[in-house]
Amino acid sequence: GAVVSQHPSWVICKSGTSVKIECRSLDFQATTMFWYRQFPKQSLMLMATSNEGSKATYEQGVEKDKFLINHASLTLSTLTVTSAHPEDSSFYICSARDIAQGLNTEAFFGQGTRLTVV
Amino acid sequence: GDSVTQMEGPVTLSEEAFLTINCTYTATGYPSLFWYVQYPGEGLQLLLKATKADDKGSNKGFEATYRKETTSFHLEKGSVQVSDSAVYFCALSDLTNAGKSTFGDGTTLTVKP
């Protein structure tokens, strides 16, 4: 099956610094990738939809200036958490669809990134 | 908008017991339905899927049937194992919603030996 690689798997950073998380589709092309945030023992909350070559579409309540998303190629999207604070600590997960299979097929998920801000 | 409602957890079963996790949905179009599994500290893995009414998805002994008349996609397994302990998410994707996935709240399953 298709593989989505997310890096890093975990990161610890100091308050006020920025952290970049990468999401790569390894063996397929994805014009659209999705970024989710998951709090402990809760479901996934969609943060934004990342479109290759254009601006990301953010869900209501998500600060676009804080969570910068760049989708520079058909295989890479990045999420940068700027000026991180402890409340940004969470599990971040990306997903992507194989555009050749259409929009109604399953999304493939990265392994997630555990961010801890101290 | 689209929504997915999952049976509340947590669910605790003994090994070899029968498992059912209920899932119902609302969608404006004709969604595809999925079950994902998440093991501790990991991302989501696709467990099974169904793309149209009456389809049955199956994998690793798990099954779910797409029931349009009851808007349901219940997950079942005849005999659970300790290794099945995980969080299970029911989800849908809908072409009318730009292919976004909508997830249920997740159900934590613990299987005891």
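### A closer look at the layout of surface pockets
Here is step 1: Taken as a whole, the largest pocket holds about 550 Å³ of empty space.
Here is step 2: The wall of the largest pocket is formed by 25 residues, among which Lys41(A), Gln42(A), Gln38(B), Val87(B) and Thr108(B) lie closest to the centre.
Here is step 3: Contributions of two or more residues to the lining of the largest pocket are made by β10 (86-93) and β12 (107-112) of chain B.
Here is step 4: If you tally residues by element for the lining of the largest pocket, the top one is β12(B), at four residues.
Here is step 5: By residue class, the composition of the lining of the largest pocket is 10 nonpolar, 11 polar and four charged.
Here is step 6: As a volume, the second largest pocket reaches approximately 200 Å³.
Here is step 7: Forming the boundary of the second largest pocket are 13 residues, of which Ser54(A), Lys55(A), Ala56(A), Tyr58(A) and Ile69(A) lie nearest the centre.
Here is step 8: In terms of residue count, strand β7 (residues 67-73) of chain A provides more of the lining of the second largest pocket than any other element does, five residues in total.
Here is step 9: Tallied by class, residues from the lining of the second largest pocket come to five nonpolar, five polar and three charged.

### A word on the sheet that holds strand β8 (residues 62-65) of chain B
All names here are of chain B.
Here is step 1: Across the sheet, four strands lie side by side as β3-β9-β8-β7; this open sheet has antiparallel pairing. Every interior strand has two partners, whereas the edge strands, β3 (19-21) and β7 (56-59), have only one. Here the strands of the sheet are splayed against their neighbours by 15° on average, with no regard to which way each runs.
Here is step 2: Bridge count for β7 against β8 is four bridges, and the pairing is antiparallel. Across the sheet, residue Ser58 finds its bridge partner in β8, namely Glu63.

Cut-offs used in this document
Residues numbered from 1 in each chain as written. Chains lettered and ligands numbered in written order. Predicted model: local features only at pLDDT ≥ 70, side-chain atom pairs only at ≥ 80, totals over all residues. Heavy atoms only, no water. 1 Å grid on protein atoms, 1.4 Å probe; cavity = no way out; pocket = protein on both sides within 12 Å on 5 of 7 lines; lining within 4 Å. Points joined across faces, edges and corners; volume = space filled by probe spheres on them. Helix = DSSP H or I, 4+ residues; strand = E, 2+ residues; numbered from the N terminus. Nonpolar A, V, L, I, M, F, W, Y, C, P; charged D, E, K, R; others polar. Pairing = 2+ DSSP bridges. Axes fitted to C-alpha atoms, helices over the stretch in contact; angles between N-to-C directions.

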